[in-house]
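Overview (structure and organization)
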Amino acid sequence: MLEALGLCKTFGALRVTNDVSFSLEKGERRVILGPNGAGKTTLFNLLVGELEPTAGTVQLNGDDVTRAGVEARAQMGLARSYQKNNLFDQLTVRENLALAVATATGKSAWFRKDTLKDAEINRIIVDVAAQVALSDHLDLAVESAPYGVRRQLEVGLALATGPSVLLMDEPTSGVGPEMIKAFHTLLKTLPENLTMLIIEHDMDLALDVADRVTVLNYGEVVFEGTPDETRSSPLVEEIYLGGWDSHA
Ligand SMILES: Nc1ncnc2c1ncn2[C@@H]1O[C@H](COP(=O)(O)OP(=O)(O)OP(=O)(O)O)[C@@H](O)[C@H]1O
Ligand SMILES: [Mg+2]
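Residues numbered from 1 in each chain as written. Chains lettered and ligands numbered in written order. Predicted model: local features only at pLDDT ≥ 70, side-chain atom pairs only at ≥ 80, totals over all residues. Heavy atoms only, no water.

Our focus in this paragraph is the environment of Tyr82. Along the chain, the position of Tyr82 falls in the loop between strand S6 (78–81) and helix H3 (93–104). By relative accessible area, which is 25% here, Tyr82 ends up partly exposed. Between the alpha carbons of Tyr82 and Ala158 there is a distance of 9.2 Å; along the sequence they are 76 residues apart. (Helix = DSSP H or I, 4+ residues; strand = E, 2+ residues; numbered from the N terminus. Buried < 20%, exposed > 50% of the residue type's maximum accessible area, 1.4 Å probe, protein only.)

Remark: H3 packs on helix H4 (residues 119–131), axes separated minimally by 9 Å, with the N-to-C direction vectors making an angle of 120°. Our classification of the angle between H3 and H4 gives oblique. The handedness of the crossing between H3 and H4 comes out as right-handed. Of the residues in H4, those touching H3 at Arg94, Leu97, Ala98, Val101 and Ala102 are Ile121, Ile124, Ile125 and Val128. The residue inventory of the contact of H3 with H4, partitioned by class, reads eight nonpolar, no polar and one charged. (Axes fitted to C-alpha atoms, helices over the stretch in contact; angles between N-to-C directions. Parallel < 35°, antiparallel > 145°, perpendicular 65-115°, else oblique. Left-handed = near helix turned anticlockwise from the far one by under 90°. Contact = heavy atoms within 4.5 Å. Nonpolar A, V, L, I, M, F, W, Y, C, P; charged D, E, K, R; others polar.)

Let us look at the layout of surface pockets. The space that makes up the largest pocket amounts to roughly 840 Å³. For the lining of the largest pocket, the elements supplying multiple residues, two or more each, are helix H2 (70–75), S6, H3 and helix H5 (147–159). Per-class residue counts for the lining of the largest pocket are 14 nonpolar, seven polar and five charged. Three or more residues apiece are contributed to the lining of the largest pocket by two domains, here domain 1 (1–77 + 164–248) and domain 2 (86–162). Of the volumes computed, that of the second largest pocket is approximately 200 Å³. As for the second largest pocket, its lining consists of 13 residues, of which Gln131, Leu159, Gly162, Pro163 and Pro191 are closest to the centre. In terms of residue count, H4 provides more of the lining of the second largest pocket than any other element does, five residues in total. Class assignment for the residues of the lining of the second largest pocket results in six nonpolar, four polar and three charged. (1 Å grid on protein atoms, 1.4 Å probe; cavity = no way out; pocket = protein on both sides within 12 Å on 5 of 7 lines; lining within 4 Å. Points joined across faces, edges and corners; volume = space filled by probe spheres on them. Domains from an automatic or database assignment.)

This brings us to the site of ligand 1. Around ligand 1 lies a shell of 14 residues, among which Gly37, Lys40, Thr41, Thr42 and Gln83 are the nearest. Asn36 is positioned such that a nitrogen or oxygen atom in its side chain is 3.2 Å from an oxygen atom of ligand 1. Thr41 is positioned such that a nitrogen or oxygen atom in its side chain is 2.9 Å from an oxygen atom of ligand 1. Protein burial of ligand 1: of its 640 Å² of free accessible surface, 61% is covered by the chains. Residue contributions to the shell around ligand 1 peak at three residues, all from helix H1 (residues 40–48). The residue makeup of the shell around ligand 1, split by class, is four nonpolar, eight polar and two charged. (Near = heavy atom within 4 Å. Polar contact = N/O pair within 3.5 Å; in protein donor to acceptor, adjacent residues only side chain to side chain. Areas by Shrake-Rupley, 256 points an atom, 1.4 Å probe, with all protein chains shown as cover.)

Structure (structure tokens):
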């Protein structure tokens, strides 16, 4: 579905992504672990087309998309949610979702009141809201929504585009244990054929949802394996104890 081959990215003298390769099967859930600054978000930016690699290629469904833009890759079914919220504060939860659906379906690239009169758009909004547990918060203005709701909406916006491959950058960053639990449940209820790549700092959640785990350190893949192999890897433990949970 999604494949990285020898991806490299340098910013000046700084090598942030170093020869990263992996391949995601259809329906696979892969978690990316790694300390702060390991290059996880940069890797996502390369995969979705927000950054161009210095070397290497990205393939989506067998097509080389290395030079394709963000829009083109989105059209091909690739969606991502952001580490930091990327929402329209002045709109409600429903309106944010409506805008995402309208854009993805090519109906409109900006929010208009009649977007909400579109039956197809409404059907998708209700569907996505149920998936991310936002059904009761649809008419909340985003600027007054609690942080947890905003994080859920961030994932909802990516889902609203009907992706086949979903990249999530620390969906639980900054939320409390209750929200992490809710999100854990949410991940388990997403369609089985949805391919997912998730950057996640919460080890329990990560190792429970993952089919495979990739660990990045200083821009390099230093480990790849199953959750069980991850738990028993001295190398992973060493990096982990070095502190990759220092976020908040
Ligand atoms: N546009 C840029 N220009 C220069 N340096 C950058 C740029 N983007 C990222 N970096 C650097 O690349 C390194 C990796 O950053 P990145 O955001 O990919 O890490 P990360 O693994 O996502 O970290 P975190 O866990 O804190 O989110 C960092 O040292 C960062 O400062
Ligand atoms: Mg990051």
